[in-house]
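Chain by chain, the residues:
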Amino acid sequence: MPILISKIFKGLAADQTEALYVGDAILSVNGADLSEATHDEAVQALKKTGKEVVLEVKYMKEISPYFKNSSSGATVSWDPSPAVSLQKQASPILSLRDLKEGKNMPLKMCYVSRKCLPIDPENRYLEVCSADGRIPLFLRVKDEVTAQSWFNAIHTNVNALVPRVKEELRALLAAAGVAGSKEIKHIGWLTEQLPGDGTKNILTILTEKDLLFYNSLPQTRDALNKPTHSYPLIATRLVHSGPSKGSHLYDSELSFALRTGTKKGVETHLFSVETHRDLAMWTRMLVDGCHSAAEFTQEVSAACTWNGRDCTLSIHIDKGFTIFTTEPGISRTILLQQPFEKLQMSSDDGAKMLYLDFGSAEGEIQLDLHSCPKTIVFIIHSFLSAKVTRLGLLA
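Draft legend 1. Spotlight on the overall build of the protein chain. Summing up its helical and strand segments, the protein chain has seven helices and 22 strands in all. Contacts in the protein chain between residues far apart in sequence, at least 24 positions, make up 48% of those at least 6 positions apart. Total accessible area on the protein chain stands at roughly 21,400 Å², and carbon and sulfur atoms take up 53% of it.

Draft legend 2. Focus on the nonpolar core. By size, the foremost hydrophobic cluster in this structure holds 46 residues, and its most contacted members are Phe256, Leu313, Ile315, Phe321, Leu356, Leu367 and Phe383. If one sorts the elements of this core by residue count, helix 7 (residues 374–390) sits on top with seven residues.

Draft legend 3. Expanded view of the sheet that holds strand 7 (residues 125–129). Taken together, the three strands give an open sheet; going across it, the order is 6-7-8, and neighbouring strands pair in antiparallel fashion. In this open sheet, the two edge strands, each paired with only one partner strand, are strand 6 (111–113) and strand 8 (136–140). Between one strand and the next, the sheet's axes are offset by a mean angle of 15°, whatever the strand orientation. As defined by bridge partners, strand 6 adjoins strand 7 across three bridges and the pair is classed as antiparallel. Paired with tyrosine 111 across the bridge in strand 7 is cysteine 129.

Draft legend 4. View of the pairing of strand 11 (residues 210–214). Strand 11 sits mainly inside the fold: five of its five residues count as buried. Here strand 11 shows a buried face lined by Asp210, Leu212 and Tyr214 and a second buried face lined by Leu211 and Phe213. Pairing of strand 10 (residues 199–207) with strand 11 involves four bridges; the strand directions are antiparallel. Paired with leucine 206 across the bridge in strand 11 is leucine 211. Counted along the chain from strand 10 to the antiparallel partner strand 11, the turn is two residues long.

Draft legend 5. Quick peek at the state of the cysteines. For the structure on display, the rule yields zero disulfides. Cysteine 304 supplies the cysteine sulfur nearest to cysteine 311, a cysteine that is in no disulfide, at a spacing of 3.7 Å.

Draft legend 6. Local environment of the pattern of salt bridges. All told, the structure shown has eleven salt bridges when counted by the stated rule. Note that arginine 170 and glutamate 167 form a salt bridge whose closest N and O atoms lie 2.7 Å from each other. With arginine 170 and glutamate 167 both in helix 4 (residues 162–172), this residue pair falls three residues apart, about one helical turn. Take arginine 170: its relative accessible area is 27%, and that puts it in the partly exposed class. Among the salt bridges present, the one from glutamate 183 reaches arginine 170, with a minimum N-O distance of 3.0 Å.

Draft legend 7. Quick look at the sheet that holds strand 15 (residues 265–272). On the basis of which strands lie adjacent, the open sheet formed by seven strands has the order 12-11-10-9-15-14-13 and antiparallel pairing. Two strands in the sheet have a free side with no partner beyond their single neighbour: strand 12 (229–232) and strand 13 (236–242). Pairs of neighbouring strands in the sheet enclose a mean axial angle of 30°, with direction left out of account. Together, strand 9 (184–193) and strand 10 form the strand contacts of helix 4, whose direction differs from that of strand 9 by roughly 110°. Strands in contact with helix 7 are strand 13, strand 14 (255–262) and strand 15; relative to strand 14, the strand with the most contacts, it is inclined by about 120°.

Draft legend 8. Summary view of the confidence of the model for the protein chain. In this model, the protein chain carries an average pLDDT of 82, and 82% of its residues clear a pLDDT of 70 or more. Long-range and interchain partners of residues 62–96, a stretch whose pLDDT sits below 50, account for 72 contacts in this model, where long-range means more than four residues apart. Throughout residues 176–181 the model reports pLDDT below 50, and contacts reaching past four residues in sequence, or to other chains, amount to 13 contacts.

Draft legend 9. Here's a closer look at the packing of aromatic side chains. All told, the structure shown has seven aromatic pairs when counted by the stated rule. Connected via pairs of aromatic rings, a cluster forms that spans Phe213, Tyr231, Phe256 and Phe271. Over the face of the ring belonging to phenylalanine 378 we find arginine 237, whose NZ or CZ atom lies 4.3 Å from the ring centre. Looking at arginine 332, its charged tip hangs above the ring of phenylalanine 324, at a distance of 4.3 Å from the centre.

Draft legend 10. The arrangement of the packing of helix 6 (residues 276–297) against helix 7 in detail. Relative orientation of the contacting elements helix 6 and helix 7 amounts to 100°, with a least axis distance of 9 Å. The pairing of helix 6 with helix 7 is recorded here as roughly perpendicular in orientation. Taken together, the residues of helix 7 that come into contact with helix 6 (itself represented by Cys290, His291, Ala294 and Glu295) are Ser382, Phe383, Ser385, Ala386, Thr389 and Arg390. Split by residue class, the contact of helix 6 with helix 7 holds four nonpolar, four polar and two charged.

Draft legend 11. Layout of the side chain of threonine 260. Of note, threonine 260 is situated in strand 14. Residue threonine 260 is classed as buried on the basis of its relative accessible area, which comes to 2%. At 3.0 Å, the side chain of threonine 260 and the side chain of threonine 236 are in polar contact. In contact with threonine 260, not counting residues within four places along its chain, are Tyr231, Ala235, Thr236, Gly265, Val266, Glu267 and Phe378.

Draft legend 12. Geometry of the environment of proline 163. Checked against the element boundaries, proline 163 lands in helix 4. When the C-alpha atoms of proline 163 and isoleucine 187 are compared, they prove to be 9.4 Å apart, with 24 residues separating the residues in sequence.

Draft legend 13. The arrangement of the pairing of strand 17 (residues 309–316) in detail. In this structure, strand 16 (residues 299–306) lies alongside strand 17, joined through eight bridges in antiparallel fashion. In the strand pairing of strand 17, glutamate 299 is matched with histidine 316. The hairpin formed by strand 16 and strand 17 contains two residues between the paired strands, and asparagine 307 there has a positive phi angle of roughly 55°. Pairing of strand 17 with strand 18 (residues 320–327) involves five bridges; the strand directions are antiparallel. Residue pairing for strand 18: histidine 316 is matched across the bridge by glycine 320. Joining the antiparallel neighbours strand 17 and strand 18 is a turn of three residues.

Parameters and conventions
- Residues numbered from 1 in each chain as written.
- Predicted model: local features only at pLDDT ≥ 70, side-chain atom pairs only at ≥ 80, totals over all residues.
- Heavy atoms only, no water.
- Helix = DSSP H or I, 4+ residues; strand = E, 2+ residues; numbered from the N terminus.
- Contact = heavy atoms within 4.5 Å.
- Areas by Shrake-Rupley, 256 points an atom, 1.4 Å probe, with all protein chains shown as cover.
- Core = buried A, V, L, I, M, F, W, Y, C linked by side-chain atoms within 4.5 Å.
- Buried < 20%, exposed > 50% of the residue type's maximum accessible area, 1.4 Å probe, protein only.
- Pairing = 2+ DSSP bridges.
- Axes fitted to C-alpha atoms, helices over the stretch in contact; angles between N-to-C directions.
- Disulfide = S-S within 2.5 Å.
- Salt bridge = Lys/Arg side-chain N within 4 Å of Asp/Glu carboxyl O.
- pLDDT = per-residue confidence, 0-100.
- Phe/Tyr/Trp six-rings, centres within 6.5 Å; stacked < 30°, edge-to-face > 60°.
- Lys NZ or Arg CZ within 6 Å of the ring centre and 35° of its normal.
- Parallel < 35°, antiparallel > 145°, perpendicular 65-115°, else oblique.
- Nonpolar A, V, L, I, M, F, W, Y, C, P; charged D, E, K, R; others polar.
- Polar contact = N/O pair within 3.5 Å; in protein donor to acceptor, adjacent residues only side chain to side chain.

Put into structure tokens, the structure is as follows:
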């Protein structure tokens, strides 16, 4: 007979859950099967739970007539209560003991991690979350070796399904949208360090031009076209990969940082991954993606003011820098044209001014871009990096 709950003390944790009933059978504690356990074995299992307790219980109708309230001696009133999975953090558990009442989670694009887990000196936990974010699990096994083995098995099978996920997403891209007609280069989960000490799991899609963030795997065209954030690769830079600087939340060997130039300034994001292979893949894909985006885009332009005149700054990966004016009915008038090879220095004031020095008679060129120049500064860097890469050099 399984271990039964004989009494629930008012005001304590079991009572506060409002999900446990006197007479419920305890089937497992933190994943440890107690269906055939002795009373002493059950007590030992409960003592080892620490701050987090996960109970799987079941209402046992067949024994209710024989179960008495230990304090009053009155017959317990049995209210129908379904089998429940209880956790202080409200995360369900995975049970395969009974196929009729068990749960299952599709491995397709699910998130699996051994980071940011409950405190456990023996490092026995792993976290698994479904692609839609609706089924988060914290699983604890007997030892660290077993936890790593389970992680490796789940992680390997999730990766094996990525090509299928890419094909499904390409099918959603039949119509134009945020990612319309763009080739999906890579997809995977990243863990981002938030301001302060928090973290967030982000489903990340890398296209030929953009880095797209989602809270979960998009299942519809509309969801795919509405990422929570979108960053142009041509204005994004990988600033380091490997040991993180000053972050205690991540394994220092498995993190990388990105910076993006925007009209509001520079945005910095620190991410971690689960394996060295993941880190190498994201590092290479992001660097190559920046160069490919530069080659794909070829040219960008921005309105500016130079020497008191309203004009346009054009930056072309091959033709270099052109400043020109355009008036109605008149072809554009070129005010300045210089190749990348002549650029000796570029800088900005972080507010609206861009400074370019081509070593010419004009001296330093001061351009008012009317907004934060960081986007243009990052694009100049991307064009230069792509041109260096063309030469077979490491940019």
